[in-house]
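Structural overview for review
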Amino acid sequence: MRSRTGWRLAVHGSLALAGLLMIVPLVWIVLTAFKERNEVFSQVPQWLPAHPTFANFFGVLDAMPFWRYYWNTIVVAFGLLGLQLVTVTLAAYAFARMEFWGRDALFIVLLVQLMIAPQSTVVQNYITVTRLGLLDTKLAIMAPYLASAYGTFLLRQTFKGIPKELEEAAALDGCGGIRFLWHVALPLALPGYLAFGLVSITYHWNEFFWPLVVTETTNSRTLTLGLGIFAQTAEGSADWTMLMAMTLMVIAVPLVVFLIFQRRFINSFMQSGLGG
Amino acid sequence: MKQRVWMVFAALLLAAPAWAGTTIKFYYPVHLTGPLVKEVEAVVAEFHKAHPDIKVEPVWGGNYAENMQKTVAALQAGSPPDIAVHLAVDLVTLRDMDAVIPLDDYVQRDGGDAKVLGDFIPAFLADFRAEQKIWALPFQRSTPILYYNKDLFRKVGLDPNKPPTTWEELLATAQKATVRNPQGQATTWGLTIPDDIWLVMAFIYQNGGRTSSPDFKKVYLGETEAIEAVQFWTDMANKYKVMPRHRTFPISVQDFAAGNTAMLIHSTGNLRFVRDSAKFEWGTAFLPKNRKQAVAIGGAGLYIFKKAPKEKQDAAWKFAAFATSPEMQARWNIGSGYIATRKSAFDLPIMKEYTAKLPQALVARDQLPYALPEMSTHDNWKMRNVFVTTFQEILDEKYTPEAGMKKAQAEIEKILAPFQK
């Protein structure tokens, strides 16, 4: 009994410590966002801003069409997820449940796509997007990702986990094919969808290089490009206070979404075997 | 899509006359501290006031490398910008792709070399020339200078008004200024230099050496002068331990602002950042000399693209001439820290006021007579990559300076082999 209490203490203690480590950068972002510029570089790091100021936030709003970029980012990240869910569901269902010639070979070809670094196809994709007349549109940012190999793979595994008997029973009741997918498979695969949604949103919320190449005006530019104005300075120093103020505003939406759905997200990751 | 429909709808409703002037697309990078985007947009806004018939669409393309990749992608898709800011060392690559036009016709049309180009600081034009033609107008140029912390100088008993002027003095000063803890680790460095080859070039030039040939087909990294320069650098880091081995450009300037290093060799482009961030008294000086006084020039110019239709090229030339005018260059210098590329810019009242408040800024200009073009070859990014990787391996003592530089020489010769005719 006593050893058990000790064990629990040790577990909770180390978890609390790990949690603290994880939260320090976030706290640092918040504190730096309210500092004045010359407070950032001091030999003894200062936790609290000496003269808390909102100037950095106004500076960000002044430096770019911030809300426009925010809107574009939301449209790109969530719009893309919506489109991906359609393609990924249909493809995953076919790979998991349907018999057709060359299925496994096709699936392997699809998986190979996971190994190609997106950067290596930038020029080809750029040419394609230009020929489609999509240059400098939000759709151009989404185009290369409309069919996600990762999502297809993840959902195929989830669909495979649904017992065959369930499908047979549903078919007996006249709920076969696409109706089975909609009424039975989809609700059961919800954890898989949540996991994929989280990964997709985070990736596209943060993506930098492809949007940089393929967009030109405020019509389609996203938040990461705005952040880049403060950070992408290979020769000089980053503008830390403004950068942190903007970072805080940029991560606000994903952060709030995550906090609301926290429990579901964690459950879904455990169930879809994506832990760690 | 929806937006386009709305726009057509609005256009029909208002029956507004279509845009009659010329629109040009302008790619530019921001490589330096702070929201310089605003400064570029200010130049564009001024231009619109002066030329209401031309509309410039500025497109921020990331840093130099990313902006270049953006242009290359656009070139391959057949839709390059009309005008863009790219590095002087990108000239070879842009010409190898047949992407840009020489500007001599425009120079002649507007009154000839003396009138159009005479006021530019000569060193800034030199590396935009190839085959007796001029290929870009110098827009944002910089050189390295020595920054030093006067408070830290005083603390260790050094004269705050006597920065080092030779290599020996540089080493001696750095030794004196390095503060170590009882374990012998440096707590304050005497000197910090980003381990970038732009600065290695300066040391090679100071040692009387050379880097690349004017026809961009040869490099001279295996020569004694180059090896000695690298030896001196590595000794400061590894033998005397007065400076850290590896520092990036951003980190090193932050170290200086935080008072972690007594001296810093860095781009003039950071004057503004140091001014805004340093809470101590600081000065600037020429880079110390050895056999001679020298630095390599960095930075970029305005290129006009071949694929653009004639009227867009004409408009682009007008914009290039405007953005490099003395007034605009003075403003750009004050806003960014890049050195104004026109001699007369320094005589303008706003510039006089600026340099009176920040006399450190004049050091950069006064050093320019000693400035040489940056090392540049065909396939420049590949060449740079080999050079910088090998140099960092030398710093890590994987190779001796001699073995490493000879290895880099051999590898670069292979890269350049296809261009030897």
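As the structure is a prediction and not an experimental result, all values here were calculated from the model.

**Some points on the overall build of chain B**
- Secondary structure summary: chain B contains 19 helices and 14 strands in total.
- In terms of overall size, chain B behaves like a compact globule, its C-alpha atoms giving a radius of gyration of 23 Å where 421 residues would be expected to give roughly 22 Å.
- Dimensions along the principal axes, computed over C-alpha positions, put chain B at roughly 80 × 55 × 50 Å.
- The 421 residues of chain B split such that 51% are buried.
- Within chain B, counting contacts between residues at least 6 apart in sequence, those at least 24 apart form 73% of the total.

**Looking at the overall build of chain A**
- If you tally the helices and strands in chain A, you get 13 helices and 0 strands.
- When its helices and strands are written in sequence order, chain A yields α-α-α-α-α-α-α-α-α-α-α-α-α.
- Taken over the C-alpha atoms alone, chain A extends approximately 70 × 70 × 30 Å along its principal axes.
- Considering only contacts in chain A between residues 6 or more positions apart, those separated by 24 or more positions represent 73%.

**A look at the nonpolar core**
- Residues B:Ile83, B:Met201, B:Tyr303, B:Ile304 and B:Phe319 are the most contacted members of the largest nonpolar core, which totals 168 residues.
- The element that contributes the greatest number of residues to this core is helix α10 (residues 197-206) of chain B, accounting for 9 residues.
- The residues touching B:Met201, leaving out its near neighbours within four places in the chain, are B:Thr211, B:Ala296, B:Glu374 and B:Met375.
- One finds A:Ala91, A:Ala92, A:Phe153 and A:Phe196 within the second-largest nonpolar core, a separate group that totals 17 residues.

**Remarks on the sheet that holds strand β3 (residues 83-87) of chain B**
Residue and element names in this part refer to chain B.
- The sheet built from 5 strands is open, its strands ordered β2-β1-β3-β13-β6 with mixed pairing. What marks the edges here is a single partner per strand, and that holds for β2 (54-60) and β6 (137-142). Neighbour-to-neighbour, the strand axes of this sheet turn through a mean angle of 20 degrees, independent of strand direction.
- Note that strand β1 (residues 22-28) and β2 share 7 bridges and pair parallel. Bridging across to β2, Tyr-27 finds its partner in Val-59.
- In this fold helix α14 (residues 310-323) packs onto β1, β2, β3, β6 and β13 (298-304), with an angle of close to 55 degrees to the strand it touches most, β1.

**Digging into helix α2 (residues 36-50) of chain B**
Residue and element names in this part refer to chain B.
- A rise of 1.5 Å per residue sets the reference length of α2, with its 15 residues, at 21 Å; its end C-alpha atoms lie 22 Å apart and thus fit the reference within 8%.
- Along α2, the residues that are buried comprise Leu-36, Val-40, Val-43 and Phe-47. Across the axial projection of α2, the buried residues extend over an arc of 55 degrees, all falling on one side. Opposite its buried face, α2 presents the exposed residues Ala-45 and Lys-49, each directed more than 90 degrees away.
- Elements that come into contact with the buried residues of α2 comprise β1, β2, α14 and α15 (326-336).

**Focus: the environment of A:Ile127**
- Positionally, A:Ile127 belongs in helix α5 (residues 122-131).
- Sequence spacing of A:Ile127 and A:Val214 is 87 residues, and the spatial spacing of their C-alpha atoms is 9.9 Å.

**With respect to the pairing of strand β11 (residues 282-285) of chain B**
All names here are of chain B.
- Residue alternation in β11 divides its side chains into a buried set, Trp-282 and Thr-284, and an unburied set, Gly-283 and Ala-285.
- Pairing of strand β7 (residues 144-149) with β11, which is carried by 4 bridges, proceeds in the antiparallel orientation. Each bridged residue has a counterpart across the sheet, and for Tyr-147 the counterpart in β11 is Thr-284.

**Observations concerning the domain arrangement of chain B**
All names here are of chain B.
- Domain parsing of chain B yields domain 1 (2-142 + 298-372) and domain 2 (144-296 + 378-419).
- For domain 1 and domain 2, the distance between their C-alpha centres works out to 30 Å.
- If you look at the interface, domain 1 gives 22 residues, while domain 2 gives 22 residues.
- When contributions to the side of domain 1 that touches domain 2 are tallied by element, the ones reaching two or more residues are α4 (91-96), α17 (360-366) and β14 (371-372).
- Top element by residues in the side of domain 1 that touches domain 2 is α17. It accounts for 4 residues.
- Of the residues contributing to the side of domain 1 that touches domain 2, the split by class is 12 nonpolar, 8 polar and 2 charged.

**Remarks on the packing of helix α3 (residues 66-97) of chain A against helix α10 (residues 190-206) of chain A**
Residues and elements named next belong to chain A.
- At a closest axis distance of 9 Å, the pairing of α3 and α10 adopts a crossing angle of 145 degrees. Pair α3 / α10 crosses with right-handed handedness. Touching Thr-73, Val-76, Ala-77, Leu-80, Leu-81 and Gln-84 of α3 are Gly-197, Ser-200, Ile-201, His-204 and Trp-205, all from α10.
- Grouping the amino acids of the contact of α3 with α10 by side-chain chemistry returns 6 nonpolar, 5 polar and no charged.

**Some details on the sheet that holds strand β9 (residues 186-192) of chain B**
- Here we have 5 strands laid out as an open sheet, ordered β8-β9-β10-β7-β11 (chain B), and mixed in their pairing. Every interior strand has two partners, whereas the edge strands, β8 (179-180) and β11 of chain B, have only one.

**Overview of the pairing of β1(B)**
Residues and elements named next belong to chain B.
- Within β1, 5 of the 7 residues are buried, which leaves the element mostly enclosed by the surrounding structure.
- Pairing of β1 with β3 involves 2 bridges; the strand directions are parallel. Its bridge partner being in β3, Tyr-27 is matched across the sheet by Ala-84.

**What to know about the confidence of the model for chain B**
Residues and elements named next belong to chain B.
- For chain B, per-residue confidence averages 91 on the pLDDT scale, and 94% of positions sit at 70 or higher.
- The low-confidence segment residues 8-17, where pLDDT is below 50, has 1 contact with residues more than four positions distant or belonging to other chains.
- What the predictor reports for the complex is a pTM of 0.82 with an ipTM of 0.71.

**Quick word on unusual backbone geometry**
Residues and elements named next belong to chain B.
- Positive phi is not limited to glycine here, since Asp-98 has a value of about 55 degrees.
- Among the structural elements, Asp-98 can be located in the loop between α4 and α5 (104-109).
- Judged by local crowding, Asp-98 falls into the exposed class, with 10 C-beta atoms found within 10 Å.
- Notably, Lys-241 is not glycine yet its phi reads approximately 50 degrees, a positive angle.

**Points about the environment of B:Ala356**
- Among the structural elements, B:Ala356 can be located in helix α16 (residues 349-357).
- C-alpha separation for the pair B:Ala356 and B:Glu402, spaced 46 residues apart in sequence, amounts to 46 Å.

**So, the confidence of the model for chain A**
- Here chain A shows a mean pLDDT of 86. Residues at 70 or above account for 92%.
- Here helix α13 (residues 240-271) of chain A stands out as the least confident element of chain A, with mean pLDDT 81; helix α6 (residues 138-142) of chain A is the most confident, with 94.

**As for the environment of A:Leu212**
- In this fold, A:Leu212 is placed in helix α11 (residues 209-214).
- Residue class for A:Leu212 comes out buried when judged on the 24 C-beta atoms lying within 10 Å of it.
- Along the backbone, A:Leu212 and A:Thr222 are 10 residues apart, and their C-alpha atoms lie at a distance of 8.6 Å.
- When near neighbours in sequence (up to four residues on either side) are disregarded, A:Leu212 contacts A:Leu225, B:Gly61, B:Gly62, B:Glu66 and B:Lys70.

Calculation notes
Residues numbered from 1 in each chain as written. Chains lettered and ligands numbered in written order. Predicted model: local features only at pLDDT ≥ 70, side-chain atom pairs only at ≥ 80, totals over all residues. Helix = DSSP H or I, 4+ residues; strand = E, 2+ residues; numbered from the N terminus. Rg over C-alpha atoms; globule rule 2.2 N^0.38 Å. Buried ≥ 20, exposed ≤ 12 C-beta atoms within 10 Å, placed from the backbone. Contact = placed C-beta atoms within 7 Å. Core = buried A, V, L, I, M, F, W, Y, C linked by C-beta atoms within 7 Å. Pairing = 2+ DSSP bridges. Axes fitted to C-alpha atoms, helices over the stretch in contact; angles between N-to-C directions. Expected span 1.5 Å × (residues − 1). Arc of directions from axis to C-beta. Domains from an automatic or database assignment. Nonpolar A, V, L, I, M, F, W, Y, C, P; charged D, E, K, R; others polar. Left-handed = near helix turned anticlockwise from the far one by under 90°. pLDDT = per-residue confidence, 0-100.

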